[in-house]
Amino acid sequence: MPVRYRVIPTADLAPTDEQGPKHGGVLRHDVQVARFGERSVVWGEHVGRGSRTAPGLLLVTQVGRSFQDAFPDVKPVLDRGRHLVISAADKPRRRSNHCWRVETLQPGSVVAVAGPFESRVDPAVAGLLAELTPASYQADVTWFASLPTRHSHSTSFVAAVDYAEQRMVALGYQTRRQPITVGTKPSQNLIGDRAGSGGGVVLVTAHLDSINLAGGASAPAPGADDNASGSAGVLELGRVLATRNWQHDIRLILFGGEEEGLYGSKQYVAALPPAERARIRAVLNLDMIASKNSANPTVLLEGHQLSSSLVDDLATAAATYTGLTVETSLNPFASDHVPFINAGIPAVLTIEGSDSANSHIHSANDTLNFLHWPLAAEILRMNTAALAGWLEPVTIRPRPAGSIVAWGPNRIDIFVS
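The model shown is predicted, which means the values in this text are computed figures rather than measured ones.

Draft legend 1. Seen up close, the pattern of salt bridges. Counted under the stated rule, the structure contains 16 salt bridges. With its nearest N and O atoms 3.5 Å apart, the salt bridge here joins Glu-131 to Arg-244. Note that Glu-131 is positioned in the loop between helix H2 (123–129) and helix H3 (134–146) and Arg-244 in the loop between helix H5 (224–241) and strand S15 (249–255), a separation of 113 residues in sequence. A salt bridge links Arg-239 to Glu-236; its shortest N-O distance comes to 2.8 Å. Linking Arg-239 with Glu-236, this pair stays in helix H5, spanning three residues, or about one helical turn.

What follows is the structure in structure tokens.
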């Protein structure tokens, strides 16, 4: 049955309106709403003047502009970069692949602009943030992007793993390599562990591989933003976190095979014993954090209902310690946080805002020239502050330096020599 729809400013919706827009001062209960930040799609029988008709409405979630590149003749009803709304008349025969997904549009928030979650600055967290070093991070991004490619089957991918492992070992992490298959060929994940004093573990992850979709496996794929920026971010976060003692273990993971369909993260999660899955308190995934695609420095926090508290923590950290504009989505897709979420493990993706405006990824043009170092620095500050809360610092209780003499019940004098 055809539907009538309109695209309207979200500001025109009543603050408590989860069903429909204001219409002549009257809230229509029979209208449905999907919010995309500053704009919303409303549909139903009474959506007001200027409405249009479609056989149905579909939500597209894409990596970059992959869906629009594949179907250039489709004119979206709403274009929100990573998310599109299209008419069901334009639905492709194939409903999804590892670069885009098509599903029926449902009412609710798809993308939300996070509210003012600012908290009080914690001096211990501020001190930790002071340990972040732009020069260290930029050097790692530059080294990864200097390789001709980091395709998961290439010798230069192995060189990238070697480099990252040396960095982790130097920081005091116990490393191991997990063999994986990408398609029918071998590749690997790199894992680095640093023990805490408690029983939980927090994962910091990114994919190390890069790809040139048009040129094939041997074509140049520097992958500066996608995803040298995220891989170097894992190393920088690992370096800073290693300067403190934490209640929970830190685990750094650099995955292979993400670009071909999340092979590394899927196989990592599938191999986790139940007891190890139960130890995971949070998974923070970094994928493309260094291209400024909009006027304001923006980050998208993408998770799921089970990881909504992680999204809130990151939004609070951003408001407290950075100048980032924060957008949130509970519609996870196409990065290494997804296999964890599918297994019931709380995970969240941090990715640059308006990533579909970055036309350089998956090509030879994804180079250092297009990176915006201040944006990456802000996202790393946000991530560091949130991780400090998830890992929980070890509190050291003061001990007397000398003899303790008791001269009565509950009466203790302390003598310091």
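Next comes the rest of the account.
Draft legend 2. Expanded view of the packing of H5 against helix H10 (residues 373–391). Two elements in contact, H5 and H10, have axes whose closest approach is 11 Å; the angle formed by their N-to-C orientations is 50 degrees. By the criterion of interaxial angle, the relationship of H5 to H10 is oblique. The handedness of the crossing between H5 and H10 comes out as right-handed. Here H5 contributes Gly-233, Glu-236, Leu-237, Val-240 and Leu-241 to the contact with H10, which in turn contributes Leu-380, Asn-383, Thr-384, Leu-387 and Leu-391. When its residues are assigned to classes, the contact of H5 with H10 shows six nonpolar, three polar and one charged.

Draft legend 3. The environment of Ser-66, seen in detail. Summarising the element assignment, Ser-66 is placed in helix H1 (residues 66–70). Overall, Ser-66 belongs to the buried group, its relative accessible area being 16%. Through-space distance from the C-alpha of Ser-66 to that of Asp-12 is 31 Å; in sequence the pair is 54 residues apart. Aside from chain neighbours lying at most four places away, what touches Ser-66 is Cys-99 and Trp-100. One polar contact links the side chain of Ser-66 to the main-chain carbonyl oxygen of Cys-99, over a distance of 2.8 Å.

Draft legend 4. A look at unusual backbone geometry. At the junction of Asp-226 and Asn-227, the peptide bond is cis and its omega measures out at 10 degrees in the coordinates. Looking at the secondary structure, you find Asn-227 in helix H5. The phi dihedral of Ala-334 is positive, around 60 degrees, even though this residue is not glycine. For Ala-334, the location among the structural elements is in the loop between strand S18 (325–329) and helix H9 (338–342). Its relative accessible area of 13% is what places Ala-334 among the buried residues. With a phi angle near 65 degrees, Glu-392 is a residue other than glycine that sits in the positive phi range. Relative to the elements of secondary structure, Glu-392 occurs in the loop between H10 and strand S20 (404–408). Residue Glu-392 is classed as partly exposed on the basis of its relative accessible area of 33%.

Draft legend 5. Region of interest: H5. Helix length check: H5 (18 residues) gives 24 Å between terminal C-alpha atoms against 26 Å at 1.5 Å per residue, within 8%. Within H5, 18 of the 18 residues are buried, leaving the element largely enclosed by the surrounding structure.

Draft legend 6. The nonpolar core, seen in detail. Phe-144, Leu-301, Met-382, Leu-387 and Trp-390 are the most contacted members of the largest nonpolar core, which has 63 residues in total. Counting residues per element, this core draws most heavily on H10, at eleven residues.

Draft legend 7. Spatial organisation of the sheet that holds strand S10 (residues 100–104). Across the sheet, four strands lie side by side as S8-S9-S7-S10; this open sheet has antiparallel pairing. Lying at the two open borders of the sheet, with one neighbouring strand each, are strand S8 (78–80) and S10. Averaged over all adjacent pairs, the angle separating strand axes in this sheet is 25 degrees, with direction ignored. Sheet topology note: the strand S7 (residues 57–62)/strand S9 (residues 83–87) ladder contains five bridges and is antiparallel. Residue pairing in the sheet places Leu-59 in a bridge with Val-85 of S9.

Draft legend 8. Highlighting the packing of aromatic side chains. Using the criterion set out here, one finds ten aromatic pairs in the structure. Note on Phe-255 and Tyr-268: the rings are 6.1 Å apart at their centroids and 65 degrees apart in plane angle, and the pair reads as edge-to-face. Of the two residues, Phe-255 is situated in strand S15 and Tyr-268 in helix H6 (residues 263–270); the sequence distance between them amounts to 13 residues. The interplanar angle of 50 degrees and the centroid separation of 6.4 Å between the aromatic rings of Phe-255 and Phe-340 together place this pair among those described as tilted. With Phe-255 in strand S15 and Phe-340 in helix H9, this residue pair connects regions lying 85 residues apart in the sequence. In this structure, Phe-255 and Phe-340 share a single accessibility class: buried.

Draft legend 9. Representation of the layout of surface pockets. Its boundaries defined by the atoms lining it, the largest pocket holds a volume of some 430 Å³. Counting residues per element, the ones that place at least two in the lining of the largest pocket are S10, strand S11 (108–113), helix H8 (308–321) and S18. By residue number, the principal contributor to the lining of the largest pocket is S11, which donates six residues. When the residues that make up the lining of the largest pocket are grouped by side-chain class, the tally is twelve nonpolar, nine polar and two charged.

Draft legend 10. The arrangement of the pairing of strand S16 (residues 280–286) in detail. Within S16, six of the seven residues are buried, which leaves it mostly tucked inside the rest of the structure. Bridge count for strand S14 (residues 201–207) against S16 is five bridges, and the pairing is parallel. Along S16, the bridge assignment pairs Leu-203 with Val-283. Pairing analysis gives four bridges linking S16 to strand S19 (residues 347–352), with the strands arranged parallel. Its bridge partner being in S19, Asn-285 is matched across the sheet by Leu-349.

About the thresholds
Residues numbered from 1 in each chain as written. Predicted model: local features only at pLDDT ≥ 70, side-chain atom pairs only at ≥ 80, totals over all residues. Heavy atoms only, no water. Salt bridge = Lys/Arg side-chain N within 4 Å of Asp/Glu carboxyl O. Helix = DSSP H or I, 4+ residues; strand = E, 2+ residues; numbered from the N terminus. Axes fitted to C-alpha atoms, helices over the stretch in contact; angles between N-to-C directions. Parallel < 35°, antiparallel > 145°, perpendicular 65-115°, else oblique. Left-handed = near helix turned anticlockwise from the far one by under 90°. Contact = heavy atoms within 4.5 Å. Nonpolar A, V, L, I, M, F, W, Y, C, P; charged D, E, K, R; others polar. Buried < 20%, exposed > 50% of the residue type's maximum accessible area, 1.4 Å probe, protein only. Polar contact = N/O pair within 3.5 Å; in protein donor to acceptor, adjacent residues only side chain to side chain. Expected span 1.5 Å × (residues − 1). Core = buried A, V, L, I, M, F, W, Y, C linked by side-chain atoms within 4.5 Å. Pairing = 2+ DSSP bridges. Phe/Tyr/Trp six-rings, centres within 6.5 Å; stacked < 30°, edge-to-face > 60°. 1 Å grid on protein atoms, 1.4 Å probe; cavity = no way out; pocket = protein on both sides within 12 Å on 5 of 7 lines; lining within 4 Å. Points joined across faces, edges and corners; volume = space filled by probe spheres on them.

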